[in-house]
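# Summary of the model geometry
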Amino acid sequence: MWRNWAGDESCRPRVIERPGSVAEVAAALERAETAGERLRVAGSGHSFTDVACSDERLMTLERMGRVLDVDRASGLVRVEGGITLRALNAELAAHGLALENLGDIDAQTVAGAISTATHGTGARLPNLSAQAEAVELVLADGSTRRFAATDADRDPYLAARVGVGSLGVISAVTLRCVPAFTLHGVDAPAPLAETLERLDQHGAANDHFEFYVFPYARTALTRTNNRVEAPPRPRSPRRAWAEDVLLTNHAFHAFCLAGRAAPPLIPALNRIVTRVAGSSEKTDRSDRVFATRRLVRFTEMEYALPREQTAAALRRVLALIEQRRLAVPFPIEVRLVAPDDALLSPVHGRESGYIAVHMFRGMEWRPYFRAVEQIMDEHDGRPHWGKRHFQTAATLRPRYPAWDRFQAVRGRLDPAGRFGNMYTDRVLGPVGTPIAA
Ligand SMILES: Cc1cc2nc3c(=O)[nH]c(=O)nc-3n(C[C@H](O)[C@H](O)[C@H](O)COP(=O)(O)OP(=O)(O)OC[C@H]3O[C@@H](n4cnc5c(N)ncnc54)[C@H](O)[C@@H]3O)c2cc1C
C-alpha cells in the first residue's frame, strides 16, 4: 500500500521498483513493457491528489538521491531526480550555493517538485522548474535523453520541466543555483483590506511577499522575506521549537481539533488564532527561512490566477465562505509568482497570484473546494498539478496556450502511454488523442 503525505490518497501497486541507477531504471521499464503495464514514478508523496498513484507499477527513486556534480563558478548543479530538497539544500550550503527560491517545505524530491511546477513566492521569481537548465529522462524504451535550455528544439525541454510524471523517468536534473544568501524574515499582521489594495506594491517592494488570512477574520498575516548582507543568526533551538513547532503546529492543531468537533465555533476560533499569531522575525540561511515544518495534516487546492485578478478573487472566496457559513478552520494563502515558459506551467506566460485553500484532515473539503473552484474558473485560473481540483483535459486545454505543443512532445516521447495513470487519463487525456475543447 502506498499513501501520500496527507494520508487521503492511496494505491496498491502490483510491483514497486526501487532502482539505484539509470541501468536499473531501464531494466524496470523493460519489465513493465514485458508485463504490458503502466508505470508511475512517485517522489516523496507530497502531492494532495492521486497524481503519483498506480495500481500497476510504481517506481521510487529513493536510492537515486545524490548530488552528481557541482560547478561553483557557473552555479550549475547536477543531481539525481530522487534527491529531496532538504538534502540538496544542505549540500548546496556546504558549497556556498543555494536555490534562489523555495516553497513552504523541503520534503519533496527535486523531480517531484519540478514535475508539478512547485513554487514559492516572489513577484520577480518563477517556480522551481524554471531553475532547471536540463532534465534527463529515461524513456519507455530504456533510452536516456537529456533535454536542455540550449537545445535548438526547445519543446521537449519545456515539456519535461513540468511533465506531471507523464513523459519518462526523470533520472537527473541540472539546476541553476545562486550564491548562498541570508534572508531576513518578518511575520506581521496587517489589515486585510489595505494588504489587498497594495498587493502589487508589496510584491514589488520585497523579494518574497505572501500572506495568510483566516476566514471570518479581517487580518492578513503577512510574511515578508528579504535578502540581507548580514551573516545568518539562527534562533536558539528552544525559540525555534516554540515558534515553529509549539505555536505553528501543536497549538494550531488543537484549534483545528476544536473546530472539527464544534464547527459553529470556527469563526470565533479563527479570530482568536489570528489575534495570537502576532509578529516574529528571523535572520537565517535562506532555506531555513523559506521552509517550515508542517505537522498538521490537511488537504489543499491551489490556483494560479492572472496577477491583477488575485485580490478580487480572494475577496469573493472570503465572502462565499461567510455567506454559506462554511466550516473552514484553515487559512487561505496568497503568493505571487513570475511567469515562465514551461509548456504546462500554471504561470505559463503570465504574471500570477496563487490562491490556496486548505481543509483540516477528516473534514469535508469537496463542497468548499468546488465552490472556490467555480470562482477560480471565472478568473481564468489554472490549478496546481499536485493539488486538488476537479478539472479534466477538456476544461484545461483552453487555459494553456502551449497545451497542444505539450501533447505533441508527449506523443513523441511516450507514444504507448507507459507513464500514464488515472490522474493523467483525467487531466491530460490519452496520448495522441485529440481532445475536444
Ligand atoms: C505540507 C505541504 C506543503 C507544500 N508546499 C508547497 C509549496 O509551498 N508550493 C508548491 O507549489 N507546492 C507545495 N506542495 C505541493 C508539492 O510541492 C508538490 O505536490 C510536489 O510535486 C510534491 O513532490 P514529491 O516529491 O512529493 O512528488 P510526488 O507528489 O510523489 O509526485 C508528484 C509528481 O511528480 C512525478 N514524479 C516524481 N518523481 C519523478 C521522477 N523521478 N520522474 C518523473 N516523474 C516524477 C510523479 O509521477 C507525480 O506526477 C506542498 C505539499 C505539502 C504536503
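All figures in this text were calculated on a predicted structure; none of them were measured in a lab.

### Side note on the layout of surface pockets
In this structure, the second largest pocket spans a volume of roughly 210 Å³. As for the second largest pocket, its lining consists of E9, S10, C11, R38, D50, C53, S54, D55, E56, G420, N421 and M422. Looking at the lining of the second largest pocket residue by residue, the class counts come to three nonpolar, four polar and five charged.

### Some words on the UniProt feature "domain: FAD-binding PCMH-type" (unreviewed entry) in the chain
The feature "domain: FAD-binding PCMH-type" (unreviewed entry), as annotated in UniProt, sits at residues 8-180 in this numbering. The span residues 8-180 is 21% helical and 27% strand by assignment, and the distance between its end C-alpha atoms comes to 37 Å.

### Comments concerning the site of the ligand
Around the ligand, a shell composed of 36 residues is seen, among which V41, G43, H46, S47 and T116 lie nearest. Between the ligand and S47, the relevant distance is 2.6 Å, taken from an oxygen atom to a side-chain nitrogen or oxygen of the residue. Within the backbone of I170, a nitrogen or oxygen atom sits 2.8 Å from a nitrogen atom of the ligand. Taking 970 Å² as the accessible area of the ligand by itself, protein coverage stands at 99%. By residue number, the principal contributor to the shell around the ligand is helix α3 (residues 110-115), which donates four residues. Partitioning the shell around the ligand into residue classes produces 14 nonpolar, 17 polar and five charged. Both of domain 1 (65-179) and domain 2 (182-383) provide at least three residues apiece to the shell around the ligand.

### Overview of empty space enclosed by the protein
A full pass over the atoms with the stated rule returns four cavities of 30 Å³ or more. Looking at the largest cavity, its volume works out to about 80 Å³. Lining of the largest cavity is provided by 13 residues; of these, L102, G103, D104, E210 and F290 occupy positions nearest its centre. Those elements that place two or more of their residues in the lining of the largest cavity are β14 (208-213), β15 (219-228) and α9 (286-290).

### Describing the domain arrangement of the chain
Once the domains are mapped, the chain shows domain 1 (65-179) and domain 2 (182-383). Each of domain 1 and domain 2 has a C-alpha centre, and the two are 25 Å apart. Listed per partner, the contact involves 30 residues of domain 1 and 34 residues of domain 2. Carbon and sulfur atoms make up 51% of the surface buried where domain 1 meets domain 2, a total of about 2,500 Å² over both sides. Of all residues in domain 1, the largest losses of buried area upon contact with domain 2 belong to D104, H119 and T121, amounting jointly to 28% of the total for that side. Across the domain 1-domain 2 interface, the total number found is six salt bridges.

What counts and how
Residues numbered from 1 in each chain as written. Predicted model: local features only at pLDDT ≥ 70, side-chain atom pairs only at ≥ 80, totals over all residues. Heavy atoms only, no water. 1 Å grid on protein atoms, 1.4 Å probe; cavity = no way out; pocket = protein on both sides within 12 Å on 5 of 7 lines; lining within 4 Å. Points joined across faces, edges and corners; volume = space filled by probe spheres on them. Nonpolar A, V, L, I, M, F, W, Y, C, P; charged D, E, K, R; others polar. UniProt positions renumbered as here; feature names shortened; annotations may be inferred. Helix = DSSP H or I, 4+ residues; strand = E, 2+ residues; numbered from the N terminus. Near = heavy atom within 4 Å. Polar contact = N/O pair within 3.5 Å; in protein donor to acceptor, adjacent residues only side chain to side chain. Areas by Shrake-Rupley, 256 points an atom, 1.4 Å probe, with all protein chains shown as cover. Domains from an automatic or database assignment. Contact = heavy atoms within 4.5 Å. Buried area = accessible area lost by both parts, 1.4 Å probe. Salt bridge = Lys/Arg side-chain N within 4 Å of Asp/Glu carboxyl O.

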